[in-house]
Amino acid sequence: MVVDAHVHFWNPETLHYAWLDGTPLDRPYRPADLAAELGELPDLVMVQADCAPHQARAEVEWMRAAANAYPRIRGMVAYAPLETGPAAAGLIEEFAADPFVVGVRRNIQDEPPGFAVTEHFRYGVRALGAAGLTFDACVRHHQLPELVTLARECPGTTIVLDHLGKPPVATGEGRDAWRDALAGLAALPHVHCKLSGLVTEAVHDTWAPHDLRPYLDAALELFGPSRCLFGSDWPVLTLASDYRHWYGTVRDFLATEDRDAVLAGNALEVYGLSR
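Given the structure is predicted, the values throughout are model-derived calculations rather than measurements. (Residues numbered from 1 in each chain as written. Predicted model: local features only at pLDDT ≥ 70, side-chain atom pairs only at ≥ 80, totals over all residues. Heavy atoms only, no water.)

*Asks:* For the overall build of the chain, give the residues involved together with the corresponding values.
*Replies:* The helix and strand inventory of the chain stands at nine helices and eight strands. Rg of the C-alpha trace for the chain: 17 Å, near the compact-globule value of 19 Å for 275 residues, within the 12% margin. The dimensions of the chain, computed from C-alpha atoms along their principal axes, are 45 × 40 × 40 Å. Taking the intrachain contacts of the chain between residues at least 6 apart in sequence as the baseline, contacts between residues at least 24 apart amount to 79%. As displayed, the chain offers around 11100 Å² of accessible surface, 51% of which is attributable to carbon and sulfur atoms. When the 22 basic and 37 acidic side-chain charges of the chain are each reduced to a single mean position, those positions are 3 Å apart. (Helix = DSSP H or I, 4+ residues; strand = E, 2+ residues; numbered from the N terminus. Rg over C-alpha atoms; globule rule 2.2 N^0.38 Å. Contact = heavy atoms within 4.5 Å. Areas by Shrake-Rupley, 256 points an atom, 1.4 Å probe, with all protein chains shown as cover. Lys, Arg positive; Asp, Glu negative; His and termini not counted. Charge placed at Lys NZ, Arg CZ, Asp CG, Glu CD.)

*Asks:* Would you mind going over the side chain of Ser232 in detail, with residue names and values included?
*Replies:* Here Ser232 shows up in the loop between strand 8 (228-230) and helix 8 (243-253). The contacts of Ser232, once residues within four sequence positions are left out, are Asp4, His6, Val7, Leu237, Tyr243 and Trp246.

*Asks:* I'd like a description of the sheet that holds strand 2 (residues 43-47), backed by residues and values.
*Replies:* Spatial strand order, 1-2-3-4-5-6-7-8: eight strands in an open sheet with parallel pairing. Two strands in the sheet have a free side with no partner beyond their single neighbour: strand 1 (3-7) and strand 8. With direction set aside, neighbouring strand axes in the sheet form an average angle of 30°. Alignment of strand 1 against strand 2, held across three bridges, turns out to be parallel. Considered in strand 2, the bridge of Val7 is made with Met46. Where helix 9 (residues 259-270) meets the sheet, it contacts strand 1, strand 3 (73-78), strand 5 (134-137), strand 6 (159-161), strand 7 (191-195) and strand 8, and its direction lies at approximately 110° from that of strand 8. (Pairing = 2+ DSSP bridges. Axes fitted to C-alpha atoms, helices over the stretch in contact; angles between N-to-C directions.)

Laid out in structure tokens, this is it:
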């Protein structure tokens, strides 16, 4: 069994994604496209794709309709404006009552220093835990110390680090600082880590599995196989790899006895899904 804990779908013809403008990804990517590439879908968790904030509910409804057609879409990590603090409580409660929504991501990778440790943002992350929802944290490697502070102050919320914190794979500069900050997160038992997003942090045209090994080694050593989740980050992945190549890279890296947990079981547990 495989549960891909990090897949995106989008349709710029119906929802607006400002970050797609002018990129090679500025076209629809639907479940049918991934199914066509793989033959069939793995079980998966769809992660919000940063459409316009006022369209957050519409994105959930679009994905719910897709899940009706493709039942292997097991749930969604939706968007909520956590930085608004108490003002986000209503949407968080709405999502908590929706069995299709398994968590929330507020992508903060391009936000200014201090964004994740404001009083309002901490309030929003704590509210997720109280509502039984996870928080997916998408940050760049220089933001990891700030995420450590946030995680320490929100012990009641399960936090899932996306893409290993986007380490400096292409240059290697700052790898030690990245690892130190990752160790700070891993010391907190309510934080988990997705093995995802590494190939697009590498040199797209020339990366090889050995380029990624120091980062996968660090994640597995620090978090252990019980707190690492496989994710493809498809279709962003397609900028540097195809799905099977990335999946095979992760699978081959893992010890045989760890594969069931990392490739499926941990995602089921973290996001509250059944087998």
